[in-house]
Every structure is written in structure tokens, then in C-alpha cells.
Amino acid sequence: MISGYTGTQIRAAEEPLLAAGMGAVLMQRASHGLANAVIRELKGRGHRIYGTSVAVLVGKGNNGGDGLFAAAFLAARGMSTTAVLTAEAAHPEGLAAFERAGGRAHLLTDSTLRRLTADVARADVVIDAVLGTGAKGGLRGTAAALVSRLAGSGTSGESLVVACDVPSGVDADTGQVHEPVLAADLTVTFGAAKAGLLADPGADYAGRVHVVPIGIEENLPLPALHRFEAGDLSRLLPQPGRRSHKYSRGVLGVVAGSADYPGAAVLACRGALAAGVGMVRYLGPPEVASLVRQSCPEVVCSIGSVADTHVQAWLVGSGMGPGDSEQLQRAREAVESGLPVIADAGALPALPAVLAPHVVLTPHAGELASLLKRLGSGRDPELDRAAVEADTLRAVRLAAGLTGATVLLKGATTLVESPSRHSYSQAEGTPWLATAGSGDVLAGVIGALLAQLGSDVGHFRESGIGPDDRWAAIAALAASLHGLAGRAATAGGPLTASRIADTLPEAWDKVSRLTTGMEQGRNSHAHPLR
Ligand SMILES: NC(=O)C1=CN([C@@H]2O[C@H](COP(=O)(O)OP(=O)(O)OC[C@H]3O[C@@H](n4cnc5c(N)ncnc54)[C@H](OP(=O)(O)O)[C@@H]3O)[C@@H](O)[C@H]2O)[C@@H](O)CC1
Ligand SMILES: [K+]
């Protein structure tokens, strides 16, 4: 499990060590970790170290200090280092160490902007050490102009871009982005992962994330965000016992599909079956049921009522529209049943405003904006789709808080939030997963896991996950599995939703073979998050 913390939490954890006079030690650990990560990355790409050029963009605070000390280490390894000071002031000891190591520092001004931009664009490695956890807002003045020019000319695309702690302009707490931001290939972050690197749009700019431990770990509070890794899936995904039968393994009721979108019902059922549920019972229009039967003969179809259908969980809404009154009525009855429910797509606008944690809503950004609008969105009546995408963590938290439901926001990074503010961020997927029907398969996987794991409070408690937070954990497990299946199903080319469902058992099998020992080993070392 990866834990994400806000910049504010990290700064609070540093506080006792700073008070004990250990600030310089922390900075040495951070900058050494940064320099080592650069060297590892270059070696991994088959580049030599000696003679390779590095440009460090330096801010006036401690983030700039980290960058300067790291550049001093790199200069000592024979790299050709240049520092671009974006403010009159720079960390004095860092600057002195850098110059002692043979690095050249230049002040960025209106008159040097053009020349220094060209120098940075030519560098093999660019380290962004302008702003870290002490930033207020984004880059300003000539620093903003330099980064805009680099991004505009596309020249930074040829350099290895490494962000120091966070890409400057990304809010470490929320993942909000203040343009312009230099998109990093790698972010080397100190003490622990910052939540803002694990949520979109910040994650779009962070690239891969490496955590460098600096000795603050035991002062850290409860994390702001969690991310399951393969070892967690191996531990938490259900495994049938020797005496299990189809009913004990969980039965999922599916209320999905319509005359317009019958395929959504099929894909939801296929996702559920591939995610190990004991049985799927489908309720819906005869023409959809007939297609479901043809595609998935395993599914038991009927036109019965929700009350008469014995299941452990419900999936409602995929492929349904506002005109599907009979199906929407079933969706409401499923929610009223008190059983765990995953509510997708067409069900989202049709449910009561106040729900409960065992109801998992699965909107994409547009649907979440509509949901928030319908709910009055608290203090933010204007939270439209763009605003949701610009601050995903806040939007998903707002929705979980207002509805009392567990909310999963689909996206490149999938966020899951419980109403008691237990949060997950999963990013195993591939952009190829953005394809029609992919969400229906995900709904099926969530439904299957709700049916199998929903009543097993102890299973989650053993992993420190409370009863009301287990629904978010189940949704995050499903998002992770769906992402892994998508990744396994593509060799780098297009993907269909059916393929995702077909590849789920293989992805499941692969993670089930892992043990949690791997994770323990990783906690004590710098490790890649993806
Ligand atoms: N604490 C520690 O011991 C350790 C900290 N570590 C490192 O320190 C980083 C945090 O350092 P930090 O607190 O100095 O803040 P940082 O992010 O460098 O920038 C703030 C400076 O910039 C200024 N400024 C603010 N906004 C601005 C803007 N938009 N545009 C321009 N300027 C702006 C602001 O000045 P002000 O405007 O307030 O006068 C302030 O001087 C952290 O991310 C990690 O890398 C590690 O070495 C481990 C040990
Ligand atoms: K930075």
C-alpha cells in the first residue's frame, strides 16, 4: 500500500526534526536521494553520467536548496551542471556547495531569459526545483515565462525532466495545477508521497513518482490518500474455500441496459462473471435479457421484482436513460433494499440525494458535475465538468460528503472516497481503457466484489480498514483489477471492453500469486509508484 500525505502533513512531520536542528541533515538526505535517482534514471536509459549536462531551475526556498545540493552531487560525478536562479535569493549553503563543486549559476532576468531558455532546452537533464511544499500558487514572472517557452517549443521533450519534491505549480495537497507547469518524467518526492501527485491533474505532470525516505516517517499522521498495490490485491481479493458453492460465493443482481444500450447489460454481466461472483441474476426488458442470455449463458435472467430476487449486492444503472422508468424504479428499490449497491450512469440522477456508504456511485467527471449541481454542491454551485477535472480530490470529497455514499470518480487516476474521508487513488490503467463499455465492465467488477466481500467486515478490519470504509476499499480493488486487466489486454494498441472482461481472470491470477513480503521490503527503500 502506498500512502499519500498532504504537503501540510509532511511539513508538520518535519517540524520536530527541524526544532532539533536537523534541517540540514534532512536536506542532505533529500538532495542525495534526488541526485541518486537522476543517476539511476540515466543509467536505466543507457546514458553515461560523465559529461552529461544538467540544468537546475532553482527557487528561493528549500526546494531550490535541494536542487542546488543535488546538482553539487551530480557535478562531483562529472556532470556538466548549470543552475538557473529564478529569484535574487537562493539557499546560501546550497549555492555555495554547488559553486564549490564547479557548477555555474546564472540569474534569470528579462534580459537573460532568451539565452537561458535555450541553455535549459539543450540540457540532457532538467531538474525543476523552483517550488515545493512552501509554494503559494504557481510559477510567476520570468520563471513562468521560461517554463512556458520550454513547453511551447516542445524542446523539453528531449530532456529528462525530474521534479524536485513536486512539479512546480502542482499543489502538493490537492493536485490542482497552476499553469505553466513543466511536465516531469520523474518526480522525486521526500519523506512520503504527496497526495497531489496521486490525484489528477497533478498526476498528469508528475510522471513516475519515487519516494526518498528522509527520517520523518515515524512522525507521519494517518495518510490523506491510499493506493493499493499488487500485494494488497493478493491479500484482499476473495478466494473460494474448498466447500464454497455458487450462493456462498456471492450472487449479484444486475439492473442495467435498455433498448438503446443493451450492450451495457452484457458488458456489466461479463465484468461481474470474470471477477469471480458465484452467480449473476439479471432483471430487465426481455429484449435485453435475450441478448444477455446469448452472450452470457451463465446469467439467470428474469422480469421479476427486486424484492423477490435473492442476491448479496446490486448493480444498477449501466446503459439506462431517464426514459427507462421501470428499470429506474428497480434501481431505487435496490438502493432501498439495504444491500450493497453499485450505481452507475443512468441511475445516478434517479437516486435519493441522501444515501449510505454501502452505495457506491461511479460517475465520470461530467456525471459528477451534474450530481453536484443536483445536490446544490454545498458552497460551490458552479462546479462544472472542467472544475471537477481541475480539482478531482475536492470534487469527489464534496460528493461523498453531500450524499453520504461512497463515490468513485473514473479517470486516468481513479479516486474513491468514503463519506468518512477514507480515500483511494488507483492508476494502473492505460489510456486505451477510455473506450465504450469500459465503465460497464468496471461496474460489473465492483458489483462482483461487493457481492463476494461486502459482508466480510473482519477481512478488511485485519488490514486496518473500518466497516464503513470497506466499500471504498472494494471499489478501489475493483478499479485496480480493471486497470491491470486493461494493461494486460493491450500490447500498446487499441482495446475493446470485451477484451478487458476476457483478460480479468488472467490479471487476477497474476496478482494472486504475489505475496505481501514484497511490499514490506519496499517500504524501507526509495520505490517507484508506477
Ligand atoms: N523543511 C525542511 O527542512 C525540508 C524541506 N525540504 C524541501 O523544502 C521544500 C519546502 O521548502 P520551503 O518551505 O522553503 O518552500 P519552497 O517550496 O521551496 O518555496 C517557498 C519559497 O518560495 C517563495 N514562494 C512561494 N510561492 C511562490 C511562487 N508562487 N512564486 C515564487 N516564489 C514563491 C516563498 O517566499 P515568500 O514568497 O513567502 O517570500 C518561499 O521562499 C520542500 O518541498 C522540499 O523540497 C527537504 O529538503 C527536506 C527538508
Ligand atoms: K519543484
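Residues numbered from 1 in each chain as written. Chains lettered and ligands numbered in written order. Predicted model: local features only at pLDDT ≥ 70, side-chain atom pairs only at ≥ 80, totals over all residues.

*Asks:* Now, about the packing of helix α17 (residues 470–489) against helix α18 (residues 497–512): what can you tell me, with residues and values included?
*Replies:* Running from N to C, α17 and α18 cross one another at 105 degrees; their axes reach a closest spacing of 7 Å. By the angle between their axes, α17 is roughly perpendicular relative to α18. Along the contact surface, α17 presents Leu 481, His 482, Leu 484, Ala 485, Gly 486, Ala 488 and Ala 489, while α18 presents Arg 499, Ile 500, Thr 503, Leu 504, Glu 506, Ala 507, Trp 508 and Val 511. The residue inventory of the contact of α17 with α18, partitioned by class, reads ten nonpolar, three polar and two charged. (Axes fitted to C-alpha atoms, helices over the stretch in contact; angles between N-to-C directions. Helix = DSSP H or I, 4+ residues; strand = E, 2+ residues; numbered from the N terminus. Parallel < 35°, antiparallel > 145°, perpendicular 65-115°, else oblique. Contact = placed C-beta atoms within 7 Å. Nonpolar A, V, L, I, M, F, W, Y, C, P; charged D, E, K, R; others polar.)

*Asks:* Lay out unusual backbone geometry in plain terms, naming residues and giving numbers.
*Replies:* For the bond running from Glu 179 to Pro 180, omega is 0 degrees, close enough to zero to count as cis. Secondary-structure assignment places Pro 180 in the loop between β6 (160–164) and β7 (186–190). The linkage connecting Asp 200 with the following residue, Pro 201, adopts the cis geometry, with an omega of 5 degrees. As for its placement among the helices and strands, Pro 201 is situated in the loop between β8 (193–194) and α7 (202–206). You will see that Ala 345, though not glycine, has its phi angle at about 40 degrees, which is positive. Counting through the fold element by element, Ala 345 comes out in the loop between β15 (341–343) and β16 (359–361).

*Asks:* Explain the environment of Asp 502 to me, and be specific about the residues and the numbers.
*Replies:* In this structure, Asp 502 sits in helix α18. Note: C-alpha distance between Asp 502 and Ala 412 (90 residues apart in sequence) is 21 Å.

*Asks:* Before we move on, could you go through the site of ligand 1 and cite the residues and values that matter?
*Replies:* Taken together, the neighbourhood of ligand 1 is formed by 26 residues, with Gly 61, Asn 62, Asn 63, Gly 132 and Gly 134 sitting nearest. For the shell around ligand 1, the secondary structure elements donating two or more residues are α1 (7–19), α2 (23–44) and α3 (62–76). (Near = placed C-beta within 6 Å.)

*Asks:* Can you explain the pairing of strand β4 (residues 104–107)? Please cite residues and give values.
*Replies:* Note: strand β3 (residues 80–85) against β4, four bridges, orientation parallel. Each residue of the ladder has a partner; that of Leu 85, found in β4, is Leu 107. (Pairing = 2+ DSSP bridges.)

*Asks:* So what's going on with the nonpolar core? Residues and values would help.
*Replies:* One finds Cys 269 and Ala 343 to be the most contacted residues of the largest nonpolar core, which totals 183 residues. Two domains share this core, each providing at least three of its residues, namely domain 1 (2–227) and domain 2 (251–507). Those residues in contact with Cys 269, other than ones at most four positions away along the chain, are Val 254, Val 280, Tyr 282, Val 292, Cys 296, Val 299 and Gly 444. (Core = buried A, V, L, I, M, F, W, Y, C linked by C-beta atoms within 7 Å. Buried ≥ 20, exposed ≤ 12 C-beta atoms within 10 Å, placed from the backbone. Domains from an automatic or database assignment.)

*Asks:* Describe the pairing of strand β19 (residues 423–426), with residues and values.
*Replies:* The alternating pattern of β19 places Ser 423 and Ser 425 on one face and Tyr 424 and Gln 426 on the opposite face, and all of these are buried. Pairing of strand β18 (residues 414–417) with β19 involves four bridges; the strand directions are antiparallel. Across the sheet, the residue bridging to Thr 414 is Gln 426, located in β19. The turn linking β18 back onto β19 is made up of five residues, and Arg 421 within it adopts a positive phi angle of 70 degrees.

*Asks:* Residues and numbers for the domain arrangement of the chain, please.
*Replies:* Segmenting the chain into domains produces domain 1 (2–227) and domain 2 (251–507). Placing the centre of domain 1 and that of domain 2 at their C-alpha centroids yields a distance of 38 Å. Counting residues at the interface gives 14 residues for domain 1 and 15 residues for domain 2. Considering each element in turn, the side of domain 1 that touches domain 2 owes the most residues, three residues, to strand β10 (residues 225–227). Residues belonging to the side of domain 1 that touches domain 2 are distributed by class as follows: seven nonpolar, five polar and two charged.

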